[in-house]
Amino acid sequence: MVSGEIDIDSEQTVQTALRLALARSSDGLDLDLAGVGFCDCSGLNALLRVRRIALTDGKTVAVRALSAEVGRLFTLTDTSSLFDPGHPLADGVVNAWRGPSATTHDLMEEFGVSDEAEELRVEVAQLKRAMLTRPVIDLARGVLMASFGLSPEDAWNVLVSVSQHTNTKLHQLAEELVDSVNGEPPPDDLQRRISLAVAEISRPA
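Reference entry: report on the structure contained in this document. (Residues numbered from 1 in each chain as written. Predicted model: local features only at pLDDT ≥ 70, side-chain atom pairs only at ≥ 80, totals over all residues. Heavy atoms only, no water.)

For helix α1 (residues 11-24), spanning 14 residues, the distance from its first C-alpha to its last is 20 Å, which sits close to the expected 20 Å at 1.5 Å a residue. Glu-11, Val-14, Gln-15, Leu-18 and Leu-22 are the residues of α1 that are buried. An end-on view of α1 places all buried positions within 95 degrees of arc, on one side of the element. Facing away from the buried surface of α1 by more than 90 degrees, the exposed residues are Gln-12, Thr-13, Ala-23 and Arg-24. Lining the buried residues of α1 we find β1 (3-6), β2 (28-33) and α2 (41-56). (Helix = DSSP H or I, 4+ residues; strand = E, 2+ residues; numbered from the N terminus. Expected span 1.5 Å × (residues − 1). Buried < 20%, exposed > 50% of the residue type's maximum accessible area, 1.4 Å probe, protein only. Arc of directions from axis to C-beta. Contact = heavy atoms within 4.5 Å.)

Formed by 22 residues in total, the largest nonpolar core has its most connected members in Leu-18, Leu-31, Leu-33, Val-36, Leu-47, Phe-74 and Phe-83. Only α1, β2, β3 (35-39), α2, β4 (60-66) and α3 (68-77) provide two or more residues apiece to this core. Broken down by element, this core gets its largest block of residues, 5 residues, from α2. Beyond its immediate stretch of four places on either side in the chain, Leu-33 contacts Val-2, Leu-47, Val-63, Ala-65, Leu-66, Ser-67 and Val-70. One finds Ala-140, Leu-144, Val-162 and Val-198 within the second-largest nonpolar core, a separate group that totals 17 residues. (Core = buried A, V, L, I, M, F, W, Y, C linked by side-chain atoms within 4.5 Å.)

Below, the discussion takes up the packing of helix α6 (residues 152-166) against helix α8 (residues 188-202). In helix packing, the relevant descriptors are the interaxial angle and the interaxial distance, both defined with respect to the helix axes. Interaxial distance between α6 and α8 falls to 9 Å at its minimum, and their mutual angle equals 130 degrees. Relative to α8, the element α6 is oriented oblique. Relative to α8, the crossing made by α6 is right-handed. Two secondary-structure elements touch here, α6 through Asp-154, Asn-157, Val-158, Ser-161, Val-162, His-165 and Thr-166 and α8 through Leu-190, Arg-193, Ile-194, Ala-197, Val-198 and Ile-201. (Axes fitted to C-alpha atoms, helices over the stretch in contact; angles between N-to-C directions. Parallel < 35°, antiparallel > 145°, perpendicular 65-115°, else oblique. Left-handed = near helix turned anticlockwise from the far one by under 90°.)

Our focus in this paragraph is the pattern of salt bridges. Under the definition given, this model contains 5 salt bridges. For Glu-11, the salt bridge goes to Arg-49, with nearest N and O atoms at 2.6 Å. Note that Glu-11 is positioned in helix α1 and Arg-49 in helix α2, a separation of 38 residues in sequence. In this structure, the salt-bridge partner of Arg-141 is Asp-138, at a minimum N-O distance of 3.6 Å. Of the two residues, Arg-141 and Asp-138 are both situated in helix α5 (residues 115-148); the distance of 3 residues between them amounts to about one turn of the helix. (Salt bridge = Lys/Arg side-chain N within 4 Å of Asp/Glu carboxyl O.)

Bringing the environment of Pro-186 into the picture now. Positionally, Pro-186 belongs in the loop between α7 (170-182) and α8. What makes Pro-186 buried here is its relative accessible area of 14%. As for Pro-186 and Glu-176, which are separated by 10 residues in sequence, their C-alpha atoms are 6.6 Å apart. Excluding anything up to four places from it in sequence, Pro-186 contacts Leu-177, Ser-180 and Gln-191.

The next thing to look at is the environment of Leu-47. Here Leu-47 lies in helix α2. Each C-alpha atom of the pair Leu-47 and Leu-18 lies 8.4 Å from the other, and the pair is 29 residues apart in sequence. Once residues within four sequence positions are removed from consideration, Leu-47 is found in contact with Leu-18, Leu-31, Leu-33, Phe-74 and Phe-83.

Attention now moves to unusual backbone geometry. You will see that Asn-167, though not glycine, has its phi angle at about 50 degrees, which is positive. Of note, Asn-167 is situated in the loop between α6 and α7.

Before going further, it helps to examine the packing of aromatic side chains. Taken as a whole and assessed by the stated rule, the structure comprises 1 aromatic pair. Note on Phe-74 and Phe-83: the rings are 5.4 Å apart at their centroids and 10 degrees apart in plane angle, and the pair reads as stacked. In this structure Phe-74 comes out as buried when scored by relative accessible area, which is 2%. (Phe/Tyr/Trp six-rings, centres within 6.5 Å; stacked < 30°, edge-to-face > 60°.)

What follows is the structure in structure tokens.
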């Protein structure tokens, strides 16, 4: 069971612990992430690296339980299927735990599907989503620039920071900010998080 926060500060610690657990396991890891209160892209990268190592060794990494925060991150990055024990790895390929004599690594080689190819598919899906949501994100950056006198880069960093710390999809956060221009202001907790992010960005180095 993994609990607490998985971010840039704890990424290496979590990754090392999971790699040690993976080395001691003959089949792979079944992860319980229900106790994870916060997980950003650094934490996701740690999980993906351990998963790649597992596949190379013919093992699996499955997430059996997860918190709402981790679930939102998986949905945002379209990576939940990579850790789903009940989801096929690719068309026509079955998971290792469905056949006692085969490993995930063997099956992927047999069907010509590499782990890198699967991750590339995920990256393409992310890029397509980014293209669809970019206009509203640019508008939200404009709102922050006008409201707080930020540069385009600082406005982007504020959006990313608030998105990660609230586990909110970037485009959903952008929509809230844009809607607040002509509608109701964002919730108080979101306004506080934005103010904190702006203060952090504006703090002298």
